[in-house]
Amino acid sequence: MNIYGECYEVGFVTSVCTYPEYTGHGIMKKLMRKSLTRMRDSNKSFALLYPYSIPLYRGLGWEIISNKMTYVIKDRQIPTKLKEPGYVRRVQWDDEQFKKLHTHFAAKTHGCLYRNNLAWEEYFRWDEDDTMVAIYYNEDDEPCGYMVYLISSDVMHIKELIYLNREAQLGLWEYIHAHDSMIDEVRGNNYYSEPIAFELDDSDIKETIRPYAMGRIIDVAQFISQYNCDPDGPSGCFSFEIADELLPWNNGTFVIDFEKGHCALTDKNPQYHLSMSIGTFTTLLLGYKSAEKLLQMGKIQTTYDAVAKLDDILYHEIPYVSDYI
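Bear in mind the structure is a predicted one, so any value in this text is a computation, not a measurement.

What counts as what
- The written sequence of each chain sets the order in which its residues are numbered from 1.
- For a predicted model such as this one, the threshold for reporting local features is a pLDDT of at least 70, and the threshold for listing and counting side-chain atom pairs is 80 or more; totals across whole chains, interfaces and linings nevertheless cover every residue.
- With hydrogens and water set aside, each side-chain value is computed from the structure's full complement of heavy atoms.
- For helices the rule is a DSSP run of H or I covering at least 4 residues; for strands it is a run of E covering at least 2, with both sets numbered from the N terminus onward.
- Radius of gyration: over C-alpha atoms. The globule rule applied is 2.2 Å multiplied by the number of residues raised to the 0.38 power.
- For every residue, the accessible area obtained with a 1.4 Å probe (protein chains only) is divided by the maximum for its type, and the residue is called buried under 20%, exposed over 50%, and partly exposed between those limits.
- The charged-residue count follows a simple rule in which Lys and Arg add positive charge and Asp and Glu add negative charge, with His and chain termini not counted at all.
- To locate a charge, take atom NZ for lysine, CZ for arginine, CG for aspartate or CD for glutamate.
- DSSP-based pairing: two strands are paired if at least 2 bridges between them are found.
- Only the contacting stretch of a helix is used when fitting its axis, a line to C-alpha atoms as for every element, and angles between N-to-C directions run 0 to 180 degrees.
- In what follows, residue pairs with any heavy atoms lying within 4.5 Å of each other are defined as contacts.
- Counted as a polar contact is a pair of N or O atoms within 3.5 Å, where, for protein atoms, one must be capable of donating a hydrogen and the other of accepting one, and residues adjacent in sequence contribute only when both atoms are in side chains.
- Classification of ring pairs rests on two measures: the distance between centres of Phe, Tyr or Trp rings, Trp counted by its six-membered ring, which must be within 6.5 Å, and the angle between planes, read as stacked under 30 degrees, edge-to-face over 60 and tilted in between.
- Exposure above 30% relative accessible area and no salt bridge define the residues that can form patches, which grow by joining like charges within 9 Å and nonpolar side chains of Val, Leu, Ile, Met, Phe, Trp and Tyr within 5 Å.
- Computed by Shrake-Rupley with a 1.4 Å probe, the accessible areas treat only the displayed protein chains as cover when residues are assessed.
- Every case where a carboxyl oxygen of Asp or Glu lies within 4 Å of a side-chain nitrogen of Lys or Arg is listed as a salt bridge.
- The criterion is simple. A nonpolar core is a set of buried Ala, Val, Leu, Ile, Met, Phe, Trp, Tyr and Cys residues joined through side-chain atoms within 4.5 Å.
- The quantity called pLDDT is the predictor's confidence in a given residue, expressed from 0 to 100.

### A few points about the overall build of the protein chain
At step 1: Looking only at helices and strands, the protein chain has nine helices and 17 strands in total.
At step 2: Relative to a compact globule of 325 residues, whose C-alpha radius of gyration would be 20 Å, the protein chain shows 22 Å and is just as compact.
At step 3: By its C-alpha atoms, the protein chain is 65 × 45 × 35 Å across when sized along the principal axes.
At step 4: Sorting the 325 residues of the protein chain into buried and exposed places 49% on the buried side.
At step 5: Distance between charge centres in the protein chain, computed from 32 positive and 48 negative side chains, equals 7 Å.

Put into structure tokens, the structure is as follows:
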């Protein structure tokens, strides 16, 4: 998983988290604890899942960390005043540049998962026979973005659209506009957690947002040793009193020193003290919610000065998670 440019292992909880027959509270709790303990023993400090039930997993220490947005754009609303210097070419599913592009994207995108062969197979399992892949190349013939799409019943369905820069983003929308005579509307998914309506000349589109993935810190101490904060932010020493009813090694107080983009557990005297659940701690450090917002929601117990200082130290970027986990 990519966290602010760094790569580390991520655990995936699926066997105990996606089947309703295992949702009896006592059994579920035991299975979850066993699964997370095994992950910790394998030096994994963080886990992701697609929730069967958000309230259920919140009760086990998980919290929302990403969004999925969907949009519907009428043909007359597709951007028209675009003329990028590059070009778009359709390629086959096994095109090497196609999959390498996603790896480059994941390396620079907070929260995006690197895909191995199994992940690619899972992500497009039911779509490969019907969909097309188009890559945007710049003037130097370098691939900078791609889209996976299907045209059916006068609708262009966009499965995935990623780009490394603004030019590729606009170039792919120029390609979409080139199909306006064939379609009545465009339907797609957006995992950037940023509405696209504002960028359109006609912003009166249908756009919806819903929670997507949930995350959980498995081992606070190990996670902190791998975590990066804003190198341009101030330094600070904070005491975090974490409540974790499921995993006893997280249930306690951790004094963390933030300095020059890095953080570490310390025995220094903290400047600030904050109390929160492991789920709140997770969504805070992943960037889904700011400390100030969580304080306003009653999720953090501390002072305004503490959250203001912490927000100056942490990055604030919602994770991009598009894969079904």
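### Details of helix α7 (residues 278-286)
At step 1: Across the nine residues that make up α7, a large majority, nine, are buried.
At step 2: Here α7 has its buried residues at Ile-278, Gly-279, Thr-280, Phe-281, Thr-282, Thr-283, Leu-284, Leu-285 and Leu-286.

### Observations concerning the sheet that holds strand β6 (residues 67-74)
At step 1: Pairing in this open sheet of seven strands is mixed, and the strands run β7-β8-β9-β10-β11-β6-β12 from one edge to the other. Each end of this open sheet is capped by a strand with a single partner; those strands are β7 (87-91) and β12 (206-211). Strand-to-strand twist in this sheet, taken as the mean axis angle between neighbours without regard to direction, amounts to 25 degrees.
At step 2: The strands touched by helix α5 (residues 166-177) within the sheet are β6, β7, β8 (132-137), β9 (143-152), β10 (155-163) and β11 (185-190), with β9 carrying the most contacts at an inclination of about 25 degrees.

### Concerning unusual backbone geometry
At step 1: Its identity is not glycine, yet Asp-141 carries a phi of approximately 65 degrees, on the positive side.
At step 2: Within the element layout of this structure, Asp-141 appears in the loop between β8 and β9.
At step 3: A positive phi angle, near 55 degrees, is found at Ser-153, a position not held by glycine.
At step 4: With a relative accessible area of 68%, Ser-153 lands in the exposed category.

### Overview of the side chain of Ser-45
At step 1: Considering the arrangement of structural elements, one finds Ser-45 in the loop between α1 (25-41) and β4 (46-49).
At step 2: For Ser-45, the side chain forms a polar contact with the side chain of Gln-226, separated by 2.7 Å.

### Observations regarding the side chain of Ser-193
At step 1: Summarising the element assignment, Ser-193 is placed in the loop between β11 and β12.
At step 2: Leaving out residues up to four positions away in the same chain, Ser-193 has contacts with Asn-67, Met-69 and Ile-318.

### Points about the packing of aromatic side chains
At step 1: Applying the stated criterion to the full structure yields 20 aromatic pairs.
At step 2: When the centroid spacing of 6.0 Å and the interplanar angle of 40 degrees are considered together, the rings of Phe-46 and Phe-223 count as tilted. Within this pair, whereas Phe-46 is found in strand β4, its partner Phe-223 is found in helix α6 (residues 220-226), the two being separated by 177 residues in sequence.
At step 3: Using a relative accessible area of 1% as the deciding quantity, one classes Phe-223 as buried.

### Thoughts on a negative patch on the surface
At step 1: A cluster of acidic residues, Glu-139, Asp-140, Asp-141 and Glu-142, forms a negative patch on the protein surface.
At step 2: Residue position: Asp-140 is located in the loop between β8 and β9.
At step 3: The class for Asp-140 is exposed, based on a relative accessible area of 58%.

### Structural notes on the nonpolar core
At step 1: Counting 52 residues, the largest nonpolar core has Phe-98, Phe-240, Phe-258, Phe-281, Leu-284, Leu-285 and Leu-310 as its most contacted members.
At step 2: Here this core gets five residues from one element, more than from any other, and that element is α7.
At step 3: Within the second largest apolar cluster, 25 residues are counted, among which are Ala-134, Cys-144, Leu-161 and Leu-170.

### Here we look at the pairing of strand β13 (residues 214-217)
At step 1: Residue alternation in β13 divides its side chains into two sets, Met-214 and Arg-216 and Gly-215 and Ile-217, and both sets are buried.
At step 2: Here β4 runs beside β13; their pairing, made up of four bridges, is antiparallel. Note on β13: the bridge partner recorded for Ala-47 is Arg-216.
At step 3: With two bridges connecting them, strand β5 (residues 63-64) and β13 associate as antiparallel partners. Across the sheet, the residue bridging to Ile-64 is Met-214, located in β13.

### Digging into the confidence of the model for the protein chain
At step 1: This prediction gives the protein chain a mean pLDDT of 89; 90% of its residues lie at or above 70.
At step 2: Element-level mean pLDDT values for the protein chain span from 35 in strand β2 (residues 6-7) up to 98 in strand β17 (residues 272-277).
At step 3: In the model, residues 12-23 has pLDDT below 50 throughout and makes 33 contacts with residues more than four positions away in sequence or in other chains.

### Quick word on the environment of Asn-251
At step 1: With respect to the secondary-structure elements, Asn-251 resides in the loop between β14 (236-243) and β15 (252-259).
At step 2: Note on Asn-251: relative accessible area 47%, which makes it partly exposed.
At step 3: Sequence spacing of Asn-251 and Leu-295 is 44 residues, and the spatial spacing of their C-alpha atoms is 20 Å.
At step 4: Residues contacting Asn-251, with those up to four places away along its chain left out, are Ile-242, Ala-243 and Asp-244.
At step 5: Here the side chain of Asn-251 touches Asp-244 through a polar contact of 2.8 Å, landing on its backbone nitrogen.

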